[in-house]
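# Examining the three-dimensional arrangement
Listed below, chain by chain, are the residues.
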Amino acid sequence: MPRGTLLSSLVIASLATFASSADAEETKLEGADGVPECRSFHAKNERELATWEKEQPKTPYIYPRERTVLGAPWNRLLGSLGGTAALLAATIVPHVGAQMRGDEPAAFVSWPWSLPFGPASTCTRLQGSFTVKDHQTHRALVEPGFASSTRGLGVFVRPGYRFLLHPSDWVIGVGGGIGSTIEIAGQREPFRVSVSPEVLFHFGHCCEPGYFVLAFRYDRFLGGDVKNVLGGSLGFTYF
């Protein structure tokens, strides 16, 4: 397979998916961009929710009846799995990528788990809803993974920081990051670390969870024979 074909196919597929739903989603979302604006939007949402709750008629208490499937409460398990499917997929399904380790190609899989922190920079809600979803620009990252080439199978972990800008009217967010890839074993290289900047593209409608992230990364290793590694990856992420 020509170099980059896998990533190109995945990018085209994800772009087609989001392009087909762009118009429908755009008309259903309302929100704000900027930290002060998001704080005001949250306050507005709370006021509107309080007004709506006061207008609701009082209803008598209805005792909850147990619902079962074939005599067992399977619906509870299935219902909880359905509500967390995106989170489970983002946690378990790896990102796939390709590298050039000097003049030698390699493939890798990784799990870039990120933790957003800091104030919300973008916030949205569906029209008619009082549930506000936030986008936090800053993320702490830890990314374990495996790389495979003719030099063997390698194990690595990459701690880092990411900055992702994704205004509410953008289908594609942009950002960057900095980290250090720590190659623990394999690839016929000693235990070593790198300085590793990256460029990011964040596909999806902010701020509903569930995005595809395309990352292009350069590693400059401080030891070993192959010091320059270029790569790219694509995968599904929750935030």
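Each value, and the rule that gives it
- Residues numbered from 1 in each chain as written.
- Predicted model: local features only at pLDDT ≥ 70, side-chain atom pairs only at ≥ 80, totals over all residues.
- Heavy atoms only, no water.
- Helix = DSSP H or I, 4+ residues; strand = E, 2+ residues; numbered from the N terminus.
- Buried < 20%, exposed > 50% of the residue type's maximum accessible area, 1.4 Å probe, protein only.
- Contact = heavy atoms within 4.5 Å.
- Areas by Shrake-Rupley, 256 points an atom, 1.4 Å probe, with all protein chains shown as cover.
- Expected span 1.5 Å × (residues − 1).
- Arc of directions from axis to C-beta.
- Core = buried A, V, L, I, M, F, W, Y, C linked by side-chain atoms within 4.5 Å.
- Pairing = 2+ DSSP bridges.
- Disulfide = S-S within 2.5 Å.

Another aspect to go through is the overall build of the protein. When its secondary structure is counted, the protein shows four helices and 11 strands. For the protein, with 239 residues in total, the buried portion stands at 34%. Partitioning the contacts of the protein with sequence separation of at least 6, the portion at a separation of at least 24 is 59%. Total accessible area on the protein is roughly 13,600 Å²; 65% of this is exposed by carbon and sulfur atoms.

With that settled, consider helix H2 (residues 35-55). What sets the pattern is the α-helix's 3.6 residues per turn: residues three or four places apart point alike. Helix length check: H2 (21 residues) gives 31 Å between terminal C-alpha atoms against 30 Å at 1.5 Å per residue, within 8%. Among all positions in H2, only Cys 38, Phe 41 and Asn 45 are buried. Seen along its axis, H2 keeps its buried residues to an arc of 55°; they face one direction. Opposite the buried face of H2, by more than 90 degrees, sit the exposed residues Pro 36, Arg 39, Arg 47 and Lys 54. Structurally, H2 contributes buried residues whose contacts are with strand S1 (29-33) and strand S4 (113-126).

Attention shifts here to the nonpolar core. Listed in full, the six residues of the largest apolar core are Ala 32, Cys 38, Phe 41, Ala 120, Cys 123 and Val 132. Elements represented by at least two residues in this core include exactly H2 and S4. Val 132 has contacts with Phe 41, His 42, Asn 45, Cys 123, Thr 124 and Arg 125, leaving out every residue within four places of it along the chain.

Pairing of strand S6 (residues 152-165) with strand S7 (residues 172-179) involves six bridges; the strand directions are antiparallel. Within S7, the residue paired with Leu 164 across the bridge is Gly 175. Examined bridge by bridge, S7 and strand S9 (residues 192-203) share eight bridges and lie antiparallel to one another. Bridged to Ile 172 within S9 is Phe 203.

Looking along the chain, the bond that leaves Cys 206 and enters Cys 207 is cis, with omega of 20°. Mapped onto the fold, Cys 207 is located in the loop between S9 and strand S10 (211-221).

Turning next to the state of the cysteines. Tallied over the full model, the rule gives one disulfide. The partner cysteine of Cys 206 in its disulfide is Cys 207, sulfur to sulfur 2.4 Å. The sign of the 70° torsion about the S-S bond sets the Cys 206-Cys 207 disulfide as right-handed. With a relative accessible area of 0%, Cys 206 lands in the buried category.

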